[in-house]
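# Breakdown of the fold
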Amino acid sequence: MNRVFSIVKKDLTQIFRNRFIAVISILVIVVFAIIYNLLPSKVDEVFRMGFHLKVDEEAAEEYHLDVGKEDIERRLSEAGGEEAEGGLELTWADSLEELTNMVENGKVRAGVSIAVSGQEPKVVLYVSSKTPSEITEAGEAIAAEIGYALIGYALPADFRATVIGPDMAGQQIPMRDKLRVILLAFVFLLELYGLGNLLVEEVQRKTAEALLVTPVTLKDFVSAKAVTGILIAFSQGLLLALLLRAISVDTWLAIIVFLLLGAAMTVGLAFIMGAISTDFISMVMISLIPFIALMIPGIIVLYPGLNSPLIKAIPTYYLIEPLNGILNYQMQLSDYLSSLLYLALFTVAFFILGFVILKRKLV
Amino acid sequence: MPSEAPILAEEIAYSYNKLLAVDRISFHVDAGEILGFLGPNGAGKTTTLKMLVGLLVPQSGRIAILGKDIVKNRAEAQSQIGACFEEKSLYEDMSAAANLKFFASLFGIRDLDVARLLDRVGLSGDRKDRVSNYSKGMKQRLMVARALVNQPKVLFLDEPTDGLDPVSSEAIRAVILEEKAKGVTVFLTTHDMMEADKLSDHVAFISEGEIAAFDTPENLKHQYGKRILKIRYYRDRKLIEEELPLEDKQAGRHIEEILGDYDVLDMHTEEATLEDIFIQLTGKKLE
């Protein structure tokens, strides 16, 4: 135990003496905290839409249209345009040119032009080329709604959206809170390099060999590196969690448990990376593909639609998914007991694999 | 073979995949003796050393250090040995003193006299400097000092003076002899035959993983070497150089003739070196 403690003390001293590593470690946390705090804390659920209406007098009589803005807004409201919190916000354009400019400049998400003359009413939706398809679809639906509300035709179909699962209308997760989960996982993955380097340097400089001709056993050596690695990774994760306001009275236990296991799993992975690499550069190259793969579960936090059974084969899924649930969906630690088990199993497997590789290399 | 020998190797062998590095060799080193383990690069010296200190497990045979099996009682044996490898394995971002204190702590030593230890290897003035600022010779001297932190009973030194300046080499040789005087048993691998001759009580020649000879340097020279007398003299104003084997009974009479009849410029005896004997026995040069 004393030998393990001596190595841990030496490693921590070396890490904090290395100004580059110390600065980078702190800088990463600070930058992540700044990114988080700069992002908006609320989701703007208002759908801003430009609107241009051109009705000639004959048509107004034919269709019984009162072209006053208040009247149109009232009709839209009656048609259900403001069901969702925030709802629809119309910006009137006096000309078609003004409407297209509003769309181009991003003042509105879409623009609807309705021209009612002697012929059949013409409804055109304007969207920017940068507009995502789902916004375009929403715009089309709203444009149709406006058209029908104005001209008074019955809807050709029952046009309704049904939300499966918890309806997040009015309580959408802000992007920064989704990003918070990813940042927490990312800080661990960045630590892969630092922790792997702890091991690579000892092997490369033959100091590991020098340690192993003292009463230090390979188990002592691995245990010491594990303790140092977990301490560093967990401290960084915890500090970042505090700065990102991820720890509250309700979540502290679950977050700490997952951060601790996440740190342990990262150290296990770092062990494998460090054991199979010959130097820092080779470690960076070797860990590039696993690094990208380990980040994939983060994408499903941003785009839940991309979730697939294959993602469950990626170890970080069992860290990112529970963090997301606990931080953003008020889930409890008890909801993720199986994730805890998987994380623990992955951690043990990584440590065993790293140990075996290291043993072949050193003894 | 004495069972109480501090270093005892019986029929040990080791292969790296298909490459046989050490081929069932046996030897022992008695207490307070220095064994010079000599051979060219790739002969199996470092592999043997790594097995002796417990870094490699012999694929056959047995090793006992201070009566303890190195495989079964590794930590116990390692607590009483000191090892210094050829490659510099120091924590370069730490000072010399910090390096020594750290290694001492691994042996459970808290009251190491760092100043005295560094003084022995001539580094007391540089104790607070970062090791990365040290020269190659200084690093090697620190490596030797590190091998002594636990006051070992057996010392393993792998090419301790290879490529060093004369001052550093001499400082290291002095420490080795001091330790021997204290009764420490030393296993010294080297390809410097002069050094081996100066320091060793016994030498072992290793070539292609096998021990080609094991004896005292004197016995090896006596057994395999030839002592000759080199004499240069003028005969009819012409410089003549002759080599006369001292073992030849006729040589004495011939020397007397030269001394009586000619003007002798100089004469001296020459002994075979360990290197000559190594080449004679193995057909290989030490590089």
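Each remark here, short or long, concerns the structure printed above.
For clarity, every value in this text was computed on a predicted model and none was experimentally measured.

Reading the values: rules and limits
- What you see as residue numbers is a count from 1 along each chain, following the sequence as written.
- Key to labels: chains lettered from A, ligands numbered from 1, both in the order written.
- Local features in this predicted model are restricted to residues whose pLDDT is 70 or higher, and side-chain atom pairs enter the listing and the counts only when it is 80 or higher, whereas totals over whole chains, interfaces and linings include all residues.
- The side-chain figures draw on all heavy atoms in the structure; neither hydrogens nor water molecules are used.
- Two rings from Phe, Tyr or Trp (for Trp, the six-membered ring) form a pair when their centres are within 6.5 Å of each other. A pair whose planes differ by under 30 degrees is stacked, one over 60 is edge-to-face, and the rest are tilted.
- In this scheme, a residue with accessible area under 20% of its type's maximum is buried, one over 50% is exposed, and one in between is partly exposed, where area comes from a 1.4 Å probe on protein chains only.
- Ring-over charges, as used throughout, are those where CZ of Arg or NZ of Lys falls within 6 Å of the ring centre and within 35 degrees of the ring normal.
- Each helix is a run of H or I in the DSSP string that is no shorter than four residues. Each strand is a run of E no shorter than two, and both are numbered from the N terminus.
- Any two residues whose heavy atoms approach within 4.5 Å are treated as being in contact.
- Buried surface area refers to the total accessible area, computed with a probe of radius 1.4 Å, that the two partners give up upon joining, counted for both partners together.
- A carboxyl oxygen of Asp or Glu within 4 Å of a side-chain nitrogen of Lys or Arg is what we treat as a salt bridge.
- Neither His nor the chain ends is counted toward charge; the positive residues are Lys and Arg and the negative residues Asp and Glu.
- Two N or O atoms form a polar contact when they lie within 3.5 Å of each other; inside protein one atom must be a possible hydrogen donor and the other a possible acceptor, and for residues adjacent in sequence the pair counts only when both atoms belong to side chains.
- What counts as an axis is a line fitted to C-alpha atoms, over the stretch in contact for a helix, and the angles between N-to-C directions run from 0 to 180 degrees.
- Here is the rule for angles: anything less than 35 degrees is roughly parallel, anything more than 145 is roughly antiparallel, 65 through 115 is roughly perpendicular, and the remaining ranges are oblique.
- Under this grouping Gly is polar, as are all residues other than the nonpolar Ala, Val, Leu, Ile, Met, Phe, Trp, Tyr, Cys and Pro and the charged Asp, Glu, Lys and Arg.
- In this text, buried Ala, Val, Leu, Ile, Met, Phe, Trp, Tyr and Cys residues form a nonpolar core when linked through side-chain atoms within 4.5 Å.
- Strand pairing is assigned whenever DSSP identifies at least 2 bridges connecting the two strands.
- For a helix, the expected span equals 1.5 Å multiplied by the residue count minus one.
- Here, the arc refers to the directions that run from the helix axis to the C-beta atoms.
- Each patch is built from residues that are more than 30% exposed by relative accessible area and take part in no salt bridge. Like charges join if they lie within 9 Å; nonpolar side chains (Val, Leu, Ile, Met, Phe, Trp, Tyr) join within 5 Å.
- Only the protein chains shown count as cover for residues, and the accessible areas themselves come from Shrake-Rupley with a 1.4 Å probe.

For the coordinates displayed, the defined rule picks out 20 aromatic pairs over all chains. Look at Y317 of chain A and Y318 of chain A: their rings are 5.1 Å apart centre to centre, the planes differ by 85°, and that puts the pair in the edge-to-face class. Side by side, Y317 of chain A and Y318 of chain A carry an identical accessibility label, which is buried. A network of ring pairs unites the aromatic residues Y317, Y318, Y342, F346 and F350 of chain A as a single cluster. The ring centre of F103 of chain B lies 4.4 Å from the NZ or CZ of R146 of chain B, which sits over that ring. Sitting over the ring of Y262 of chain B, R235 of chain B keeps its end group 5.8 Å from the ring centre.

Before going further, it helps to examine unusual backbone geometry. All names here are of chain B. In this structure, E11 is a non-glycine residue whose phi angle is positive, near 55°. With respect to the helices, strands and loops of the structure, E11 is situated in strand β1 (residues 7–16). According to the relative accessible area criterion, E11 is partly exposed, its value standing at 36%. The phi dihedral of E208 is positive, around 50°, even though this residue is not glycine. Examined against the element boundaries, E208 turns out to sit in the loop between β9 (202–207) and β10 (210–215).

If you look at the interface, chain B gives 27 residues, while chain A gives 21 residues. Each partner contributes to the roughly 2200 Å² buried at the junction of chain B and chain A, and carbon and sulfur atoms together form 62% of this total. Looking only at chain B, the three residues that lose the most surface to chain A are L55, Y91 and L106 of chain B, adding up to 28% of its buried area. Counting across the interface, chain B meets chain A through two salt bridges. The shortest N-O distance in the salt bridge between K206 of chain A and E87 of chain B comes to 3.8 Å.

Residue and element names in this part refer to chain B. With respect to the secondary-structure elements, D69 resides in strand β5 (residues 68–69). We note that D69 is buried and unpaired, the nearest opposite charge coming from R62 at a distance of 4.2 Å. Here K72 takes part through its backbone nitrogen, which lies 3.1 Å from a polar atom of the side chain of D69. If near-sequence neighbours (up to four positions away) are discounted, D69 is found in contact with R62, I63, A64 and R74.

This part takes up the packing of helix α5 (residues 136–147) of chain B against helix α6 (residues 166–181) of chain B. All names here are of chain B. Where α5 meets α6, the axes come as close as 9 Å, and the angle between the chain directions of the two elements is 10°. By the angle between their directions, the pair α5 and α6 is classed as roughly parallel. Together, G137, M138, Q140, R141 and V144 of α5 and S168, A171, I172 and V175 of α6 make up the contact between the two elements. Taken together, the residues of the contact of α5 with α6 sort by class into five nonpolar, three polar and one charged.

To continue, consider the nonpolar core. Core analysis: the biggest nonpolar cluster contains 147 residues, and L358 of chain A together with F156 of chain B have the highest contact counts within it. Ranked by residue count, the leading element in this core is helix α7 (residues 175–204) of chain A, at 16 residues. The next biggest cluster of nonpolar side chains, apart from the first, holds 15 residues, and it includes M49, F51, W92 and I114 of chain A.

Residues and elements named next belong to chain B. Spatial strand order, β6-β7-β8-β3-β9-β10: six strands in an open sheet with mixed pairing. Whereas interior strands pair on both sides, the edge strands pair on one side only; in this sheet they are β6 (81–84) and β10. For this sheet the average axis-to-axis angle between neighbouring strands, irrespective of direction, equals 15°. Bridging between strand β3 (residues 34–38) and β9 involves four bridges; their strand directions are parallel. Residue F37 lies in a different strand from β9, and its bridge partner there is A204. Contacts from helix α1 (residues 45–52) reach β3, β7 (154–158), β8 (185–190) and β9, with the element oriented near 150° to β8. Packed onto the sheet, α6 meets β3, β7 and β8 and runs at close to 135° relative to β3.

Another aspect to go through is the pattern of salt bridges. If the charged atoms of two oppositely charged side chains come close together, the side chains can form a pair. Residue and element names in this part refer to chain A. Summed over the entire model, instances satisfying the criterion amount to 22 salt bridges over all chains. For E201, the salt bridge identified is with R205, shortest N-O distance 4.0 Å. Take E201: its relative accessible area is 32%, and that puts it in the partly exposed class. Residue R205 is classed as partly exposed on the basis of its relative accessible area of 34%.

So, on to helix α1 (residues 2–17) of chain A. Helical geometry: 3.6 residues make up each α-helical turn, so side chains three or four residues apart lie on a common side. The terminal C-alpha atoms of α1 of chain A, which comprises 16 residues, lie 22 Å apart, in line with the 22 Å expected from a rise of 1.5 Å per residue. Every buried residue of α1 of chain A is accounted for by V4, S6, I7, V8, K10, D11, Q14 and I15 of chain A.

Residues and elements named next belong to chain B. Those residues of helix α8 (residues 217–224) not exposed but buried are P217, L220 and K221. The buried residues of α8 occupy an angular sector of 100° when projected down its axis, which confines them to one face. Exposed residues lying more than 90 degrees from the buried face of α8 are E218, H222 and Q223. Packed against the buried residues of α8 are α7 (193–199), β9, β10 and α10 (274–282).

Moving on, we come to the sheet that holds β5 of chain B. All names here are of chain B. Read from one edge to the other, the open sheet built from four strands follows the order β2-β1-β4-β5, with strand pairing classed as antiparallel. The open sheet terminates on both sides in strands that have one partner only, identified here as β2 (19–29) and β5. Relative to β2, β1 runs antiparallel, the two sharing seven bridges. Looking at the pairing, Y16 lines up with L19 of β2. Relative to β1, α1 is tilted by about 120°, and along the sheet it contacts β1, β2 and β4 (60–65).

Our next topic: a nonpolar patch on the surface. Residue and element names in this part refer to chain A. A cluster of nonpolar side chains, contributed by F20, V23, I24, L27, V31 and I35, occupies part of the molecular surface with about 530 Å² of accessible area. On the secondary structure map, F20 appears in helix α2 (residues 19–38). Accessibility expressed as a relative area gives 61% for F20, which makes it exposed.

In this section: the side chain of T316 of chain A. Residues and elements named next belong to chain A. On the secondary structure map, T316 appears in the loop between α11 (280–302) and α12 (317–328). For T316, a relative accessible area of 3% translates into the label buried. Setting aside chain neighbours within four positions, we find T316 in contact with L189, M265, L294 and P297.

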